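So the chains spell out like this:
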Amino acid sequence: MRISAFLSASLVAAGFVLAEPACNPILYADVPDLSMIRVGGSYYMSSTTMHMSRGLPIMKSEDLVNWRLTGYAYQTLADNDALNLQNGRNAYGRGSWASSLRFHKGTYYVSTFSASSGRTHVYSTKDIEKGQWKENSFSPALHDHSMFFDDDGKVYMLHGSGDLTLTELADDVSGIKTGGFNGVVIHDATAVAGPNKGLPAEGSQLFKVNGKYYVFNITWPKGGMRTVLIHRADKITGPYEGRIALQDQGVAQGGLIDTPDGKWWAYLFQDHGAVGRIPYLVPVKWEDGWPVLGVNGKVPEALDLPDAKLGVSGIVASDEFNDRKLPLAWQWNHNPDNALWSLTKRPGALRLTAGAVVSDLLTARNTLTQRTFGPESWATTVLDTSLMQDGDCAGLVALQKNYGFVGVKVTGDEKTLVMTGAGNGIGAEEESVPFSGKAVHLRVHCDFRDKTDMADFQYSLDGIKWNKIGKTWKMNYTLPHFMGYRFGLFNFATRSAGGSADFDWFRLSEKVPHD
């Protein structure tokens, strides 16, 4: 029950500070495959950003609700054609997947695996916020693994799908330990969900609480929803017994975190349409040695945690391009060609130069992106077309396989403003308008309310009067890209390389912006 306005005003006047409780989702943006640790009074979280570079983001919170980006474990995952968007190859929907974040004897570790590199990657640092990450990598790529340092000094990864395998690593986590334990410890982990099997149990996260081992998994029964499974054992090698832990709103996949005052939470996520996979917190109580998730088996909206003051502002950022480096919120679509972008060639602007002739936006390098967010989000930029050349196209995109963008296309000596949509991954112009100016304001509005998942595209010649261009675009979350929609700044060449596009600034808003 909310306090009446009169009582609220009286309490504030008397010096009391009122705060609304935090609510689910804790972040209305694409932050999937969460892995979380607490070190003292600080929480750290890693997540998946797959084909984006820099990658494997690390976020920090003091209260489990308000999160800020602190860095990335790697700048580029590997150097190959797929990750470089070269020779007809790409890493869409691949790159690096679900990570595992751990702290052990003064060192932070975060690991991931990749079909694009064929390897398991382990990064380590003494300083998770400002330190350099050291990388070890080895083959094979251990699918959906959970790194685990046991009390006896041994280190393992639990991994796989359906049948879950425990593999012992070398003490320095440089590879699989010769002669170490390597075997299936949970056979058909999906079985506890019932006979209507769909997605085999995966997304393992392994924990040890009060001497027992707990494995969190996700499954997706046919005709059902994403479901949390938990298995437990007295020994890490088993035998394990399992049960369904949560089946509500499709909120699933994650693990356990405790607070300094002894409370427990499960961090999970929900597939939420085009905005992506968004994180939730669910309260946990312990009964008979089992973690019991939710309130009467349901995911609550309100949480007994401080208010979310930051929202998504800790993981997205407006940018005036006045600094010599990009804010942490920015990630490149695939590995960038660092010779072909600049913040200094025209101070106060981002310059993107086309380095190769490509067929369309999805094959172009150096598209600079960051997350869209809900319930609504607006991105606005100013594009200077002075250095664009015949065959170039530059602008602002809502990026996924079925992307939509607003931009400027150059054909010979003529320029046109265009709205292009890719209903099946192949771009087609929806509307074009003659353009004879030098600079133009561009805007994208994404509406994710109640999974509306629609985007509108606008342009302005003066930053005051705005004109819609093209049709309202239906955004669809597709598995080939396996990522929520992202705002992106791009420039690509279809006839000859060398043309440049300058972006004067990039601004985000959760309400209708006023430039």
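Above this text you will find the structure in question.
Procedures and definitions
- Residues numbered from 1 in each chain as written.
- Predicted model: local features only at pLDDT ≥ 70, side-chain atom pairs only at ≥ 80, totals over all residues.
- Heavy atoms only, no water.
- Pairing = 2+ DSSP bridges.
- Helix = DSSP H or I, 4+ residues; strand = E, 2+ residues; numbered from the N terminus.
- Axes fitted to C-alpha atoms, helices over the stretch in contact; angles between N-to-C directions.
- Buried < 20%, exposed > 50% of the residue type's maximum accessible area, 1.4 Å probe, protein only.
- Polar contact = N/O pair within 3.5 Å; in protein donor to acceptor, adjacent residues only side chain to side chain.
- Contact = heavy atoms within 4.5 Å.
- Salt bridge = Lys/Arg side-chain N within 4 Å of Asp/Glu carboxyl O.

A few points about the pairing of strand β32 (residues 454-460)
Here is the key point about a regular strand: its side chains alternate between the two faces of the sheet. Note that strand β31 (residues 439-447) and β32 share seven bridges and pair antiparallel. Pairing of His445 across the sheet is with Asp456, part of β32. Hairpin remark: β31 followed by β32, antiparallel, with six residues in the connecting loop; positive phi at Asp450, about 50 degrees. Here two bridges tie β32 to strand β33 (residues 467-468), and the two strands are oriented antiparallel to one another. Among the inter-strand pairings, Gln458 is bridged to a residue of β33, identified as Lys468. In this structure, the hairpin formed by β32 and β33 is closed by a connection of six residues, where Gly463 is found at a positive phi of approximately 80 degrees.

A short note on the sheet that holds strand β20 (residues 277-287)
Ordered by their spatial adjacency, four strands build an open sheet running β18-β19-β20-β21, and the pairing between neighbours is antiparallel. In the strand order of this sheet, the two ends are held by β18 (252-258) and β21 (290-293), each with one partner. Here the strands of the sheet are splayed against their neighbours by 35 degrees on average, with no regard to which way each runs. Two elements, β18 and strand β19 (residues 264-271), share five bridges in a ladder whose sense is antiparallel.

Side note on the sheet that holds strand β10 (residues 146-149)
With respect to topology, four strands assemble into an open sheet ordered β10-β11-β12-β13, the strand pairing being antiparallel. In this open sheet, the two edge strands, each paired with only one partner strand, are β10 and β13 (182-186). Here the average twist between neighbouring strands, direction ignored, is 30 degrees. Inspection of the sheet shows strand β12 (residues 163-169) paired to β13 by four bridges, in the antiparallel sense. Its bridge partner being in β13, Thr167 is matched across the sheet by Asn182.

Observations regarding the side chain of Ser509
Secondary-structure assignment places Ser509 in strand β36 (residues 500-509). Owing to a relative accessible area of 18%, Ser509 belongs among the buried residues under this scheme. In this structure the side chain of Ser509 is engaged in a polar contact, spanning 2.5 Å, whose partner is the backbone oxygen of Lys511. With residues near it in sequence (within four places) discarded, Ser509 still touches Phe373, Glu376, Ser377 and Trp378.

Section: the environment of Tyr267
With respect to the secondary-structure elements, Tyr267 resides in strand β19. For the pair formed by Tyr267 and Val209, sequence separation is 58 residues and the distance between their alpha carbons is 16 Å. Look past the residues within four positions of Tyr267 in its chain and what remains in contact with it is Leu34, Ser35, Met36, Gln205, Phe207, Gln253, Gly254, Gly255, Leu256, Ile257, Tyr280 and Leu281. Of note is the side chain of Tyr267, whose polar atom sits 3.3 Å from the backbone nitrogen of Met36.

Details of the pattern of salt bridges
Counted according to the given criterion, the structure contains 24 salt bridges. As a salt-bridge pair, Glu62 and Lys60 come within 3.4 Å of each other at their nearest N and O atoms. With a closest N to O distance of 2.9 Å, Arg232 and Glu241 form a salt bridge. Relative accessible area serves as the criterion here: at 14%, Arg232 is assigned to the buried category. Assessed through its relative accessible area of 41%, Glu241 is described here as partly exposed. Overlapping salt bridges, with partners in common, bring together Arg346, Arg351, Asp384, Lys438, Asp502 and Asp504 in one network.

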